[in-house]
Each structure stands twice: as C-alpha cells, then as structure tokens.
Amino acid sequence: MKLLDGKLCAAEVRAELKARVASLAARGKRVGLAVVRIGDDPASEIYIRNKVRACEEVGIAPLFRLLPAGTPQRMAEDVVKALAADPEVCGILVQLPLPAGLDEARILQCIPAEKDVDGFSAENFGRLAAGRPATVACTPQGVMELLRRNCIPVAGKHAVVIGRSNIVGRPMALLLLNADATVTVCHSKTRGLAALCREADLLVSAVGTPNFVTADMVKEGAVVVDVGINRVGGKLCGDVDFAQVAPHTSWITPVPGGVGPMTVAMLLKNCVDAAERQL
Ligand code: NAD
C-alpha cells in the first residue's frame, strides 16, 4: 500500500503556480480572486481562511466581499455582477452554503464562465459533460491531478464513484469518463452497493459518512480515493475505514492530507488559468 499524499502534491502545484503568477506580474497582470461570503457559517470561515492563506503563498491577491446573513437576493446578485465587470478580478468564489432564503443557482449564474473558478456554472458543467475544455470543479479536478502526478493510469480501468453531487460525484464521474475509464456512479438509492464497489479498480467515495467504506467493499489491490470530510469527536476523518481498508489497496488517500489540499490547489490553478486567458 502506498499513500496518495495530497499535501506533497499540492505543494508541488503551488510552487508551479507561484512561477506562473510571477510571470503574469512581469507582464503587468495581477491575479485577483474575489471571495464573496454571505452570513457567518463557522465552517465557511475555516475554509475561506485556508484558501486565502494558499492564495497569498502563491501571490494571488484576495479581495473580500463580506455580506451580512440578511442580505437580499438582489443585492447579493448585484455584488457578484459588479465583480464580474471588474477587470482587476480574475476569478470569483462565492462561498457555499448560502444562508437560507437566498437562491444559490441565481447568484452563481451571475458569475461569467471565464471567472467561474469553482467550475459550477452551467456553461462549464455543460462543456465538461460534452468532453470539451472546461473549468472543472476543484475537488474532482484535484483527484485527477493526484492520480496523474502519481502516474496512476485511469484509461480502461473500472472506476466506481459513490456520490452524485454537483460539486463532487457527478463531475468526478465525467472526468473519469473523459479519461477513458469505465464508470459506475453509485448513490443513496443504489442497490447492491458493496458488490459494485468490489468490482472497482479505482474507488472514489464522496458520501460524508465516517467508516462508510469497509474492507469487504474493496477489491485486493484497488486504488481508493477518500473525498469525505467528517468530524468525529473533534477529529477529521474520511468515509473510508482507513485502518481496515488500507492493507488491501495499492494506493489510498489519507484524511486529512489527501484530497483536501488538492482542492485548494486546484482553486488557485483555476484562478491562474483564468488570469492567463484574460491576458
Ligand atoms: P452531498 O451530501 O451533496 O452528496 C453525498 C452523496 O452521497 C449523495 O449523492 C448521495 O446520493 C450519496 N449517498 C448518501 N448516502 C449514501 C448511501 N447510503 N449509499 C450510497 N450513496 C450515498 O455531499 P458532497 O458535497 O458531494 O460531499 C461529500 C463528502 O465530501 C462530504 O463529506 C464533504 O464534506 C466532502 N467534501 C470534501 C471536499 C474536499 O476537498 N476533500 C470537497 C467537497 C466535499
């Protein structure tokens, strides 16, 4: 068993991005990422802090728009539209979840595809689904990058993805399909989940339940990617029962230190890509 070390890989990605940001700066282009936060969800605060620290490390300038929980829909949309029109802003990130009462889809629609560094817009999603170049959601893109940098082939392999959310499971399945894997997508209504998972050369879990993936669900020698982030007794863990599953795998991601750092690295990459395209 080998560890798929997301911390190490993300540090490599950040070093490459730092050079690209410097080269853009030499050509007079500043890479600015606008971060929109509405309300005071405490988990969002931690996520934003991590993202901002990573931005600063590679030389990306964060620009904050902090709005109170009671912000009306119209005002939230206007803030995003103003950022969309601002040439200093290369990418726009609206931190989710939004407070109840706000229409998330309508707010995200105000981000133009070229500044959509989260890859959540209908245009980017459609391009991904059609197998065309797209800005792709950071977490599944981070998984692909982790596999690529560790020379783990995907083409021809049977990949099983557990979870079908728009931010992880669905784009993950599309990326794997675009990379020539044979893909099975499982979800809460799937029957015979364990047997399907046992068929997987590559198993990706994005459910959000601790110890969801157990040793009897994993084929000997499979690659296991754990996207889940769960908190148990104040400690972070993934979806996979790591102690029991790891000995049966060829590669496995730890939690923390696996997919999480790659997600942040891909956000920065999407932002630098956007800045280069704008130049
Ligand atoms: P979500 O709740 O939107 O989706 C969970 C998915 O799991 C659903 O599609 C559902 O059908 C499926 N599911 C639920 N119960 C199931 C069952 N019994 N059998 C099979 N499938 C089942 O969650 P999400 O936003 O996709 O996130 C999933 C997990 O990944 C969470 O733990 C989240 O915190 C984590 N996450 C991690 C990162 C990262 O950077 N590592 C990024 C985003 C999300």
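Now for a quick tour of the structure. This is a predicted model, so every value here is computed, not measured.

**Overview of the layout of surface pockets**
There is about 1500 Å³ of room inside the largest pocket. If you trace the largest pocket, you find 47 residues lining it, with Tyr47, Ile229, Gly260, Thr263 and Val264 closest to the centre. For the lining of the largest pocket, the secondary structure elements donating two or more residues are α1 (6–26), α2 (42–58), β4 (91–94), α6 (138–149), β9 (230–232) and α10 (259–278). At nine residues, α2 tops the list of elements feeding residues into the lining of the largest pocket. Of the residues in the lining of the largest pocket, the class split is 26 nonpolar, 12 polar and nine charged.

**Quick word on the sheet that holds strand β3 (residues 61–67)**
By definition, the strands of a sheet pair up through backbone hydrogen bonds, in either a parallel or an antiparallel sense. Spatial ordering of the open sheet is given by β3-β2-β4, a layout of three strands whose pairing is parallel. Each end of this open sheet is capped by a strand with a single partner; those strands are β3 and β4. Taken over all neighbouring pairs, the strand axes of this sheet differ in orientation by 20° on average, direction set aside. With four bridges joining them, strand β2 (residues 32–38) and β4 adopt parallel strand pairing. From the neighbouring strand, Val35 faces β4, where its bridge partner is Leu93. Here helix α3 (residues 73–85) sits on the sheet in contact with β2, β3 and β4, set at roughly 160° to β3.

**Remarks on the site of the ligand**
Close contacts around the ligand come from 20 residues, with Arg164, Ser165, Val227, Ile229 and Thr263 the closest. Here a nitrogen atom of the ligand and a backbone polar atom of Val227 are 3.3 Å apart. The contact in question runs from an oxygen atom of the ligand to an N or O atom on the side chain of Thr263, over 2.7 Å. Mapping the ligand onto the cavity grids shows that it belongs to the largest pocket. Among the elements that line the shell around the ligand, the one with the most residues is α10, at three residues. Looking at side-chain class alone, the shell around the ligand contains nine nonpolar, 10 polar and one charged residues.

Definitions and cut-offs
Residues numbered from 1 in each chain as written. Predicted model: local features only at pLDDT ≥ 70, side-chain atom pairs only at ≥ 80, totals over all residues. Heavy atoms only, no water. 1 Å grid on protein atoms, 1.4 Å probe; cavity = no way out; pocket = protein on both sides within 12 Å on 5 of 7 lines; lining within 4 Å. Points joined across faces, edges and corners; volume = space filled by probe spheres on them. Helix = DSSP H or I, 4+ residues; strand = E, 2+ residues; numbered from the N terminus. Nonpolar A, V, L, I, M, F, W, Y, C, P; charged D, E, K, R; others polar. Pairing = 2+ DSSP bridges. Axes fitted to C-alpha atoms, helices over the stretch in contact; angles between N-to-C directions. Contact = heavy atoms within 4.5 Å. Near = heavy atom within 4 Å. Polar contact = N/O pair within 3.5 Å; in protein donor to acceptor, adjacent residues only side chain to side chain. Sits in = over half its atoms within 2 Å of the grid points.

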